[in-house]
Amino acid sequence: MNDCYPEKKENNLKTPKAKTISCESFIRGIEQRGSDVFCVNGRQIKVDTTDFSKINYRRVVFTDCGMEEGNPA
């Protein structure tokens, strides 16, 4: 464990370097573990996250979850 930044040289020698993986391998691992799908109350809400600034969070939280704004289910 490191308690100093930048890391002390002696800590770098004891810490094994993590193997890097490709983006495809990372995604495949998530899919294989079933972590690519998240459901609430049995419902799955698909949200395009290509551009986070375009997400209508109010709609995701209230409309898609069957709740009215201000009236939680």
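Residues numbered from 1 in each chain as written. Predicted model: local features only at pLDDT ≥ 70, side-chain atom pairs only at ≥ 80, totals over all residues. Heavy atoms only, no water.

1. Side note on the overall build of the chain
Here comes step 1: Secondary structure summary: the chain contains 3 helices and 2 strands in total.
Here comes step 2: Counted from the first residue to the last, the chain has its helices and strands arranged as α-α-β-β-α.
Here comes step 3: Counting the 73 residues in the chain, one finds 8% classified as buried.
Here comes step 4: For the chain, the exposed area adds up to about 7100 Å²; of that, 54% sits on carbon and sulfur atoms. (Helix = DSSP H or I, 4+ residues; strand = E, 2+ residues; numbered from the N terminus. Buried < 20%, exposed > 50% of the residue type's maximum accessible area, 1.4 Å probe, protein only. Areas by Shrake-Rupley, 256 points an atom, 1.4 Å probe, with all protein chains shown as cover.)

2. Overview of the layout of surface pockets
Here comes step 1: Estimated volume of the largest pocket: approximately 210 Å³.
Here comes step 2: Lining the largest pocket we find Asp36, Val37, Phe38, Val40, Arg43, Gln44 and Ile45.
Here comes step 3: Split into classes, the residues belonging to the lining of the largest pocket amount to 4 nonpolar, 1 polar and 2 charged. (1 Å grid on protein atoms, 1.4 Å probe; cavity = no way out; pocket = protein on both sides within 12 Å on 5 of 7 lines; lining within 4 Å. Points joined across faces, edges and corners; volume = space filled by probe spheres on them. Nonpolar A, V, L, I, M, F, W, Y, C, P; charged D, E, K, R; others polar.)

3. Details of a nonpolar patch on the surface
Here comes step 1: A cluster of nonpolar residues, Ile21, Phe26 and Ile27, forms a patch on the protein surface that exposes about 300 Å² of accessible area.
Here comes step 2: Here phenylalanine 26 is to be found in helix H2 (residues 23-32).
Here comes step 3: With a relative accessible area of 48%, phenylalanine 26 lands in the partly exposed category. (Patch = residues over 30% accessible without salt bridge, like charges linked within 9 Å, V, L, I, M, F, W, Y side chains within 5 Å. Salt bridge = Lys/Arg side-chain N within 4 Å of Asp/Glu carboxyl O.)

4. Structural notes on the confidence of the model for the chain
Here comes step 1: Across the chain, the average pLDDT comes to 75, with 63% of residues at or above 70.
Here comes step 2: At the level of individual helices and strands, the chain shows its lowest average pLDDT in helix H1 (residues 9-14), which scores 59, and its highest in H2, which scores 92. (pLDDT = per-residue confidence, 0-100.)

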